[in-house]
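Chain residues, written in single-letter form:
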Amino acid sequence: HTRSLCDWSSDVCSSDLSSYVDLLWMVTGEHFATWYQGGQYGRIRPRSDLRRGARGVGAVQAGIRYSTFEGDDFSPTGPTNAGRLASSAPTTQPTRAAHAWTAGLTWVPNPYVRVLLNYIRTTFATPVIVNGVTVPHETAVVARAQIDF
């Protein structure tokens, strides 16, 4: 994926390159093809829903992802929204590239509920300085629950 940002008042344009690749596995044996219809994916339908008094556990999906962002064209002195952070940002030294690995688990107890947990490790091409603290990488644990009705 490539995107360009331009400030037409000064004829300054910048572009970034971002991409990702991921590998997903349905641990409980569901098949992606069963919920792909009409050119789009629908909701995951577990082989056996989690129900009171039943033995079903729902569906479990595990995955890994590698993602990258490179914005070498961005200038720290360019116009805001065309490659430069807003002056109110606490970052005093940004980076022009970042690479991240994500490991994730998704539990789908039934077709209308999902619980997701991700561990993300991002490494910056050059250390970022935020409020005087040098940050060469960051780690995040992200969780969320979704209900579809």
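Just above sits the structure.
So, a few notes on the structure that sits alongside this text. (Residues numbered from 1 in each chain as written. Predicted model: local features only at pLDDT ≥ 70, side-chain atom pairs only at ≥ 80, totals over all residues. Heavy atoms only, no water.)

Turning to the packing of aromatic side chains, a few remarks are in order. Counted under the stated rule, the structure contains two aromatic pairs. Measuring from centroid to centroid gives 6.4 Å for Phe32 and Tyr41, while their planes differ by 80°, and the two rings are edge-to-face. Between the aromatic rings of Tyr66 and Trp101, the centroid separation amounts to 5.1 Å while the plane-to-plane angle is 50°, which identifies the pairing as tilted. Placement of the pair is Tyr66 in strand 5 (residues 59–70) and Trp101 in strand 7 (residues 97–110), with a sequence separation of 35 residues. (Phe/Tyr/Trp six-rings, centres within 6.5 Å; stacked < 30°, edge-to-face > 60°. Helix = DSSP H or I, 4+ residues; strand = E, 2+ residues; numbered from the N terminus.)

Moving on, we get to the environment of Ser67. Tracing the chain through its elements places Ser67 in strand 5. In this structure, the C-alpha to C-alpha distance between Ser67 and Ser19, residues 48 residues apart in sequence, is 5.7 Å. The contact partners of Ser67, leaving out residues within four places of it in the chain, are Ser19, Tyr20, Ala98, His99 and Ala100. (Contact = heavy atoms within 4.5 Å.)

Examined against the element boundaries, Val108 turns out to sit in strand 7. Taking the C-alpha atoms as reference points, Val108 and Pro46, separated by 62 residues in sequence, lie 7.0 Å from one another. For Val108, the residues in contact, after removing those within four places along its chain, are Ile44, Pro46, Gly58, Ala59, Val113 and Arg114.

A contiguous nonpolar patch, built from Leu105, Leu117, Tyr119 and Val141 and spanning about 390 Å² of accessible area, is present on the exposed surface. Note on placement: Val141 falls in strand 9 (residues 133–147). (Patch = residues over 30% accessible without salt bridge, like charges linked within 9 Å, V, L, I, M, F, W, Y side chains within 5 Å. Areas by Shrake-Rupley, 256 points an atom, 1.4 Å probe, with all protein chains shown as cover. Salt bridge = Lys/Arg side-chain N within 4 Å of Asp/Glu carboxyl O.)

The next point concerns the pattern of salt bridges. For the coordinates displayed, the defined rule picks out three salt bridges. A salt bridge links Asp148 to Arg43, with the nearest nitrogen and oxygen atoms 2.2 Å apart. Placement of the pair is Asp148 in the segment after strand 9 and Arg43 in the loop between strand 4 (40–41) and strand 5, with a sequence separation of 105 residues. For Arg43, a relative accessible area of 28% corresponds to the partly exposed category. (Buried < 20%, exposed > 50% of the residue type's maximum accessible area, 1.4 Å probe, protein only.)

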